[in-house]
Each structure stands twice: as C-alpha cells, then as structure tokens.
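Structural description and commentary
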Amino acid sequence: FTFEVVDIDGLDDAIECYNGQSPEGDYSITLTSDIEIGSDDDVEIDSDTDSGDLTIDGSGYTIFGDGYDEDYQLFIDNPGTGIVYIKDITFEGADDDAIEFPQGWLEVSDSTFTDNSYGIYGDPDCDLAQTSTLRVTDSSFTGTENNAIEFYSAFDVEVKNSFFDGVDADVSTIYLENECE
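So, here's what we can say about the structure. Everything quoted here is computed from the prediction, not taken from an experiment. (Residues numbered from 1 in each chain as written. Predicted model: local features only at pLDDT ≥ 70, side-chain atom pairs only at ≥ 80, totals over all residues. Heavy atoms only, no water.)

**Comments concerning the overall build of the protein**
A count of helices and strands for the protein gives 2 helices and 19 strands. Counting the 181 residues in the protein, one finds 48% classified as buried. Here the contacts in the protein between residues at least 6 apart in sequence split such that 70% fall between residues at least 24 apart. Summing over all exposed atoms, the protein offers an accessible surface of approximately 8000 Å²; the carbon and sulfur share of this is 38%. (Helix = DSSP H or I, 4+ residues; strand = E, 2+ residues; numbered from the N terminus. Buried < 20%, exposed > 50% of the residue type's maximum accessible area, 1.4 Å probe, protein only. Contact = heavy atoms within 4.5 Å. Areas by Shrake-Rupley, 256 points an atom, 1.4 Å probe, with all protein chains shown as cover.)

Structure representation (structure tokens):
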C-alpha cells in the first residue's frame, strides 16, 4: 500500500493505517514536501502485531520542528514482525530526539540528522531488547547537542559509511550501554 503525503495530517493518517494493519501488508510512505512536527503532533509507529514492512522515503525532504511535546519527531516502537525503513530524510531541529526507538527493527539509510539534541535514541524494555535491531548506513549527523546515537540496552547496532561532525565535545558520537545484563 502506497501513500504520498504533503503534511503532518497525511503522514499521521498513513502511519495509523500501518499501525492498525488495515489492510494487512507492506506499506510505503513517500514525502512530497517538508513536514513540520510540532509539540501537538504525536507521530508513533507502533504496530505490535504480525505486520508487513514500512518504508518512509523522504525523497530528500525534511522533517523539522520541536517534535511531540518537545520529546521526539518520530517514535518507533515496533515489536511486530515488520521492519521500518527510513531513507533519504533530513531530520532537523528536534528539541530532544529526532527518532526515539525503544524496540523493533529499524534501518536508516541516506538520511541526515542536523541540529537535533539527539539523532537516534533508544531505552527499551530489557525483555524485548534482545530482539531489537538498528542499522544506520550512508547517513550523516551534524550539530548534535548530545550523542548522535545513544542506546541503553543490548540492541544489535550496526553503523556503516556514516558521517559525524559538530557533535558536542563533552559527549560521545555513539554511546552504547547495556543496562540489561
């Protein structure tokens, strides 16, 4: 199922269809303009059923703004069977996390994270962390106030061919701590 979205309402509607798996299957969402996510815009990918994959293709567009309750721009809590693919999106200006990712399988490619507090942040339930995977490929993180990537679990994390610049010198570029032992 394919959606083209031009604003926050379209993005939220398409994600709700995926979350509810109505209808069942793989979903593809393509941005056709920049999208602002403000403090009242709760964009959560949270299909916890047997689900198909979800691809969000930014087509070079930007998701920007403070994020929901100044906490995140996208929340991906997807313990179902589907993989969430994020590609070719610029995430800019999140007061906290550009992407908050507690669990599931997330693959980010060809994307840019700029001027966010955190790029990708995860602090999952330890019982579910063992099955969670993050893959970041060919992406860049610049002007990050805190850690570009930060996780507190036993995630399977792989970062390849990615660029980090302008990360605050008092923090790490990638911070991984297993609190699930």
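Structure's up, so let's keep going.
**Quick look at the packing of aromatic side chains**
Considering all chains together, one arrives at 10 aromatic pairs under this definition. Measuring from centroid to centroid gives 5.2 Å for Phe-1 and Tyr-27, while their planes differ by 35°, and the two rings are tilted. In this pair, Phe-1 is assigned in the segment before strand E1 (2–5) and Tyr-27 in strand E2 (residues 27–31), connecting sequence segments 26 residues apart. The exposure class assigned to Phe-1 is partly exposed, which follows from its relative accessible area of 46%. (Phe/Tyr/Trp six-rings, centres within 6.5 Å; stacked < 30°, edge-to-face > 60°.)

**As for the nonpolar core**
Judged by nonpolar contacts, the single largest core of 37 residues is most densely connected at Leu-11, Ile-86, Phe-91, Ile-99, Leu-106, Ile-120 and Leu-134. Here this core takes 5 residues from helix H1 (residues 8–20), the largest share from any one element. Discounting residues that sit within four places of it in the chain, Phe-91 has contacts with Ile-63, Gln-73, Leu-74, Ile-86, Ala-98, Ile-99, Thr-112, Phe-113, Thr-114 and Asn-116. (Core = buried A, V, L, I, M, F, W, Y, C linked by side-chain atoms within 4.5 Å.)

**Quick word on the sheet that holds strand E18 (residues 163–165)**
The 6 strands are arranged E3-E6-E9-E12-E15-E18 in an open sheet whose pairing can be described as parallel. The outermost strands of the open sheet, each flanked by one partner alone, are strand E3 (35–36) and E18. Relative to strand E9 (residues 90–92), strand E6 (residues 62–64) is paired through 3 bridges, and the arrangement is parallel. Along E9, the bridge assignment pairs Phe-64 with Glu-92. (Pairing = 2+ DSSP bridges.)

**Section: the pairing of strand E5 (residues 54–57)**
Where E2 lies against E5, 4 bridges are found, and the strand directions are parallel. Pairing of Thr-30 across the sheet is with Asp-57, part of E5. Note: E5 against strand E8 (residues 84–87), 4 bridges, orientation parallel. Bridge pairing in E8 links Leu-54 to Val-84.

**Quick look at a negative patch on the surface**
A surface patch of like charges, here negative, comprises Glu-36, Asp-40, Asp-66, Asp-69, Glu-70, Asp-95 and Glu-145. Looking at where Glu-70 falls in the secondary structure, it is placed in the loop between E6 and strand E7 (72–77). (Patch = residues over 30% accessible without salt bridge, like charges linked within 9 Å, V, L, I, M, F, W, Y side chains within 5 Å. Salt bridge = Lys/Arg side-chain N within 4 Å of Asp/Glu carboxyl O. Lys, Arg positive; Asp, Glu negative; His and termini not counted. Charge placed at Lys NZ, Arg CZ, Asp CG, Glu CD.)

**Observations regarding the sheet that holds E1**
With parallel pairing, 7 strands are arranged side by side in an open sheet as E1-E2-E5-E8-E11-E14-E17. This sheet does not close on itself; its edge strands, each paired only once, are E1 and strand E17 (156–160). Each adjacent strand pair in this sheet contributes to an overall mean axis angle of 10°, direction not counted. Contacts from H1 reach E1, E2 and E5 within the one sheet, and its direction differs from that of E2 by about 170°. (Axes fitted to C-alpha atoms, helices over the stretch in contact; angles between N-to-C directions.)

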